[in-house]
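Each chain is listed here by its residues.
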Amino acid sequence: MFKIPLFSGKSLGFERDMVTFSVKYGNFPNLFCKGIVDTGCPFTIISESSIKRTRIPYNSKPSKYNVQLGNINMELRELGICELNFRDEKGDIKKFEQEVYVGIPLVKGYLAQELPSFIGKDFLNNHSLSIINKKEEDNYLMGED
Amino acid sequence: MITNTLAMELKSFETDFIFFQDKKEYLRKDFLNKFVAIKEGEIVASGNSIEEVNKILEHKNIDPAKTVIEFVPEEEGIMVL
């Protein structure tokens, strides 16, 4: 059994369970991200503002879905299978393979700049991870080796 | 104690994001509607776009892909997800 610590972060106006992780896409160097752990989101999405910190050619990737986040239209481009790396409670790294999308807002404006990344239900299901809520310590993702 | 290098770097990235959150009100004074880059608790770059900040960071030999770069908005967007 292992635990991946979450932290409480403010995103889009509210405190949410968030996690830091790295994304390894092909031969590109690791991209560090923080994302909301969201069981209501079917996809694992890296925000455009996150991926712009790299040279990953996301604009040439196929568009898979048009979705809405709040009242913001967003295009999901298929980045493909990436390696996601998380820090566990012992300070080791847990690696997972996961289909990742890039979320590109179709509107301009300050809200579009703030759209977060998401660890979605697809990731939790694929790797049999559960969110454990604790009263007096940080929440975490629990999984089995 | 964290001994894995990647794990240490991820922890540092998380700490920098939490620093950004805690200082957002203060950052609005000097960096309103700009992007700021934070590394080890310090503002290391700012600019009008992520691309602009990336160039500054690369000039300083700081990897943007491992650096917190966030937008400082006038007001907080609110969304129920």
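Residues numbered from 1 in each chain as written. Chains lettered and ligands numbered in written order. Predicted model: local features only at pLDDT ≥ 70, side-chain atom pairs only at ≥ 80, totals over all residues. Heavy atoms only, no water.

1. Comments concerning the interface of chain B and chain A
Opposite the 35 residues of chain B that make contact, chain A presents 40 residues. At the boundary of chain B with chain A, total buried surface from both sides reaches about 3,200 Å², with 64% on carbon and sulfur atoms. Here Glu58(B) and Arg55(A) are joined by a salt bridge, their closest N and O atoms 3.4 Å apart. Along the contact surface separating chain B from chain A lie ten residue pairs in polar contact (both at pLDDT 80 or more). Of the residues that constitute the side of chain B that touches chain A, the class distribution is 19 nonpolar, six polar and ten charged. (Contact = heavy atoms within 4.5 Å. Buried area = accessible area lost by both parts, 1.4 Å probe. Salt bridge = Lys/Arg side-chain N within 4 Å of Asp/Glu carboxyl O. Polar contact = N/O pair within 3.5 Å; in protein donor to acceptor, adjacent residues only side chain to side chain. Nonpolar A, V, L, I, M, F, W, Y, C, P; charged D, E, K, R; others polar.)

2. Quick notes on the sheet that holds strand β2 (residues 42-47) of chain B
Residues and elements named next belong to chain B. Across the sheet, which stays open at both edges, the three strands sit in the order β2-β1-β3 with antiparallel pairing between neighbours. Each of the sheet's edge strands pairs with one partner strand only, and the pair in question is β2 and β3 (68-71). Here the average twist between neighbouring strands, direction ignored, is 25°. The pairing of strand β1 (residues 35-39) with β3 spans four bridges and is classified as antiparallel. (Pairing = 2+ DSSP bridges. Helix = DSSP H or I, 4+ residues; strand = E, 2+ residues; numbered from the N terminus. Axes fitted to C-alpha atoms, helices over the stretch in contact; angles between N-to-C directions.)

3. Focus on the nonpolar core
It is characteristic of soluble globular proteins that their nonpolar side chains tend to be buried jointly. Among the nonpolar cores identified, the biggest contains 29 residues, and Ile45(A), Phe20(B) and Val36(B) are the most heavily contacted of them. Among the secondary structure elements, those contributing two or more residues to this core are β4 (31-37), β7 (72-87) and β8 (93-105) of chain A together with α1 (5-31) and β1 of chain B. Ile45(A) has contacts with Met74(A), Leu76(A), Tyr101(A), Val102(A), Gly103(A), Ser117(A) and Phe118(A), leaving out every residue within four places of it along the chain. Leu31(A), Leu79(A), Phe86(A) and Leu129(A) belong to the second largest nonpolar core, which has 28 residues in total. (Core = buried A, V, L, I, M, F, W, Y, C linked by side-chain atoms within 4.5 Å. Buried < 20%, exposed > 50% of the residue type's maximum accessible area, 1.4 Å probe, protein only.)

4. A word on the pairing of strand β11 (residues 140-143) of chain A
Regular strands have side chains that alternate between both faces of the sheet. Residue and element names in this part refer to chain A. Pairing of strand β1 (residues 2-5) with β11 involves four bridges; the strand directions are antiparallel. Looking at the pairing, lysine 3 lines up with methionine 142 of β11. Note: strand β10 (residues 130-132) against β11, three bridges, orientation antiparallel. Residue pairing for β11: isoleucine 132 is matched across the bridge by tyrosine 140.

5. Structural notes on the pairing of β7(A)
All names here are of chain A. Buried residues dominate β7, accounting for twelve of its 16 residues. Here strand β3 (residues 14-24) runs beside β7; their pairing, made up of four bridges, is antiparallel. In the sheet register, serine 22 faces β7, and the bridge partner there is asparagine 85. Connecting strand β6 (residues 63-69) to the antiparallel partner β7 that follows it, the hairpin turn spans two residues, and glycine 70 within it adopts a positive phi of roughly 65°. Across 13 bridges, β7 lies against β8 in antiparallel orientation. Among the inter-strand pairings, leucine 76 is bridged to a residue of β8, identified as glycine 103. Counted between consecutive antiparallel strands, the loop separating β7 from β8 contains five residues, among which glycine 91 sits at a positive phi close to 85°.

6. Examining the sheet that holds β10(A)
All names here are of chain A. Strands sit in the order β1-β11-β10 across an open sheet of three strands; the sheet is antiparallel. A single partner strand is all that each edge strand has here, and the edge strands are β1 and β10. Strand-to-strand twist of the sheet, defined as the mean angle between neighbouring strand axes without regard to direction, takes the value 35°.

7. Quick word on unusual backbone geometry
Phi at Leu12(A) takes a positive value of approximately 50°, unusual for a residue other than glycine. With respect to the element layout, Leu12(A) can be found in the loop between β2 (7-11) and β3. Even without a glycine there, the phi angle at Glu40(B) is positive, about 50°. Turning to its location among the elements, Glu40(B) is positioned in the loop between β1 and β2. Judged by its relative accessible area of 66%, Glu40(B) falls in the exposed class.

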